Amino acid sequence: MDKLETWIRGSKDLLPETVTLRRKIHEHPELGLHLPKTVAAVREALTGLDVTYEEGPSSSGMIVTLAGPTQGRTVLLRGDMDALPMPEDTDLPFKSKEPGRMHACGHDGHTAMLLGAAKHLAENPDFAGTVHFVFQPAEENEGGGRVMVEEGLFDKFPVDMVFGMHNWPDMPAGTFAIRPGPMMAAFDIFEVTIRGKGGHAGGGHRGEGPRPQLRLDEVAGGEHGGELEHDEDVVLEPRERPDVLATRAGDRPGGLLEVLGGDGHHVEHLVDQEPVEL
């Protein structure tokens, strides 16, 4: 049996412990840059391992270091820890105990997996080099990875290579997917100013609808008095790489909103104070 097979078998032995830890973290989801309960669970799981770790300085980010018995390359393994601001509507025995918060993106699993890797390598240190295990906060919104880098992560812990992974429920358990280039979509916030020529609703053909280069996946007018229209729903997998996938648009308060003016129609919508949610 080669070393890889031995490591795989050893990691399977850690599965029950890793599942238990993941469910413990799942019960107490936290948001953003400061995750005290999650970090406490990470610290507890590291107890007894021959590792060193640092936290912060301005967030709950943790860098855990394990040195092998001989010199070699330095590798960084990264996992995120934060949850999403949404309620959990399940009947699972380990469902969220924090109102309005849920580990819906699986970062509880990422944290538990990274801890399992740290435990397995610490108990089987038959490798050359050093491994840094980075537990990142605020992957969802506040850019926790950027914060850690700006605070000197790679200056203090230079590495030869970085590995990260994300769960994908559509894949069979026990399998990995890799590809060159981008793998999954990312969240970001941007503002676009779209200018057209307004007009009376009774003579909309005299107006000039803007032609925004946006790809919309869902449009609903709802409480603002009707539905915004567009030519075609766009539902893409992240790998298909649209230019922009927008989920919100708006205009100045009280103005005549002209959105998605396309070939063959002109959309007008009166907005009171709030932007239109798409």
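Rules used throughout
- Residues numbered from 1 in each chain as written.
- Predicted model: local features only at pLDDT ≥ 70, side-chain atom pairs only at ≥ 80, totals over all residues.
- Heavy atoms only, no water.
- Helix = DSSP H or I, 4+ residues; strand = E, 2+ residues; numbered from the N terminus.
- Buried < 20%, exposed > 50% of the residue type's maximum accessible area, 1.4 Å probe, protein only.
- Areas by Shrake-Rupley, 256 points an atom, 1.4 Å probe, with all protein chains shown as cover.
- Core = buried A, V, L, I, M, F, W, Y, C linked by side-chain atoms within 4.5 Å.
- Polar contact = N/O pair within 3.5 Å; in protein donor to acceptor, adjacent residues only side chain to side chain.
- Contact = heavy atoms within 4.5 Å.
- Salt bridge = Lys/Arg side-chain N within 4 Å of Asp/Glu carboxyl O.
- Expected span 1.5 Å × (residues − 1).
- Pairing = 2+ DSSP bridges.
- Axes fitted to C-alpha atoms, helices over the stretch in contact; angles between N-to-C directions.

Caption draft 1: Structural view of the overall build of the chain. Scanning the chain from N- to C-terminus turns up six helices and nine strands. A buried classification covers 37% of the 278 residues belonging to the chain. Just so you have it, the chain exposes about 17300 Å², and 51% of that area is on carbon and sulfur atoms.

Caption draft 2: Region of the structure containing the nonpolar core. Counting 23 residues, the largest nonpolar core has Val42, Leu46, Met62, Val64, Leu66, Phe133 and Phe135 as the members making the most contacts within it. Elements that contribute at least two residues to this core include exactly α2 (15–26), α3 (36–46), β2 (62–67), α4 (107–123) and β4 (128–136). By size, the runner-up hydrophobic cluster in this structure holds six residues, among which are Ile63, Leu76, Val134 and Phe157.

Caption draft 3: Inspection of the side chain of Thr18 at higher detail. Following the sequence through the fold, Thr18 ends up in helix α2. Using a relative accessible area of 16% as the deciding quantity, one classes Thr18 as buried. In terms of polar contacts, Thr18 uses its side chain to reach the backbone carbonyl oxygen of Leu14, at 2.9 Å. Contacts of Thr18, omitting those with residues within four sequence positions, involve Ala112, Met113 and Gly116.

Caption draft 4: Main features of the pattern of salt bridges. Counting across every chain of the model gives 10 salt bridges. The salt bridge involving Arg146 is made with Glu150; its shortest N-O contact spans 3.8 Å. With Arg146 and Glu150 both in helix α5 (residues 144–150) and four residues apart, the pair spans about one turn of that helix. Among the residues examined, Glu150 registers a relative accessible area of 60% and is labelled exposed. Salt bridges sharing partners connect three or more residues here, namely Glu17, Lys119 and Glu123.

Caption draft 5: Up close: α4. In a regular helix each residue adds 1.5 Å, so 17 residues correspond to 24 Å; α4 covers 24 Å between its end C-alpha atoms and thus fits that length. Among the 17 residues of α4, 14 are classified as buried, and the element is accordingly described as predominantly covered.

Caption draft 6: View of the sheet that holds strand β3 (residues 70–80). Reading across from one edge, β1-β2-β4-β3-β5 is the order of the five strands in this open sheet, with mixed pairing throughout. Of all strands in the sheet, those bounded by a partner on one side alone are β1 (52–55) and β5 (161–164). Here the strands of the sheet are splayed against their neighbours by 20 degrees on average, with no regard to which way each runs. Note: β3 against β4, eight bridges, orientation parallel. The partner of Asp80 across the bridge, within β4, is Gln136. Packed onto the sheet, α3 meets β1, β2 and β4 and runs at close to 15 degrees relative to β2.

Caption draft 7: Up close: the environment of Gly106. By the secondary structure assignment, Gly106 is in the loop between β3 and α4. Considered as a pair, Gly106 and Asp82 are 24 residues apart in the sequence and their alpha carbons are 9.1 Å apart.

Caption draft 8: Spotlight on the side chain of His120. When you line up the elements, His120 lands in helix α4. For His120, a relative accessible area of 8% puts it in the buried group. Beyond its immediate stretch of four places on either side in the chain, His120 contacts Trp7, Gly10, Ser11 and Leu14.

Caption draft 9: How the structure looks around unusual backbone geometry. With omega at 10 degrees, the peptide bond leading from Gly56 into Pro57 counts as cis. Relative to the elements of secondary structure, Pro57 occurs in the loop between β1 and β2. The backbone phi angle of Ala138 is positive, close to 55 degrees, even though this residue is not glycine. Tracing the chain through its elements places Ala138 in the loop between β4 and α5. Residue classification places Ala138 among the buried positions, given a relative accessible area of 0%.

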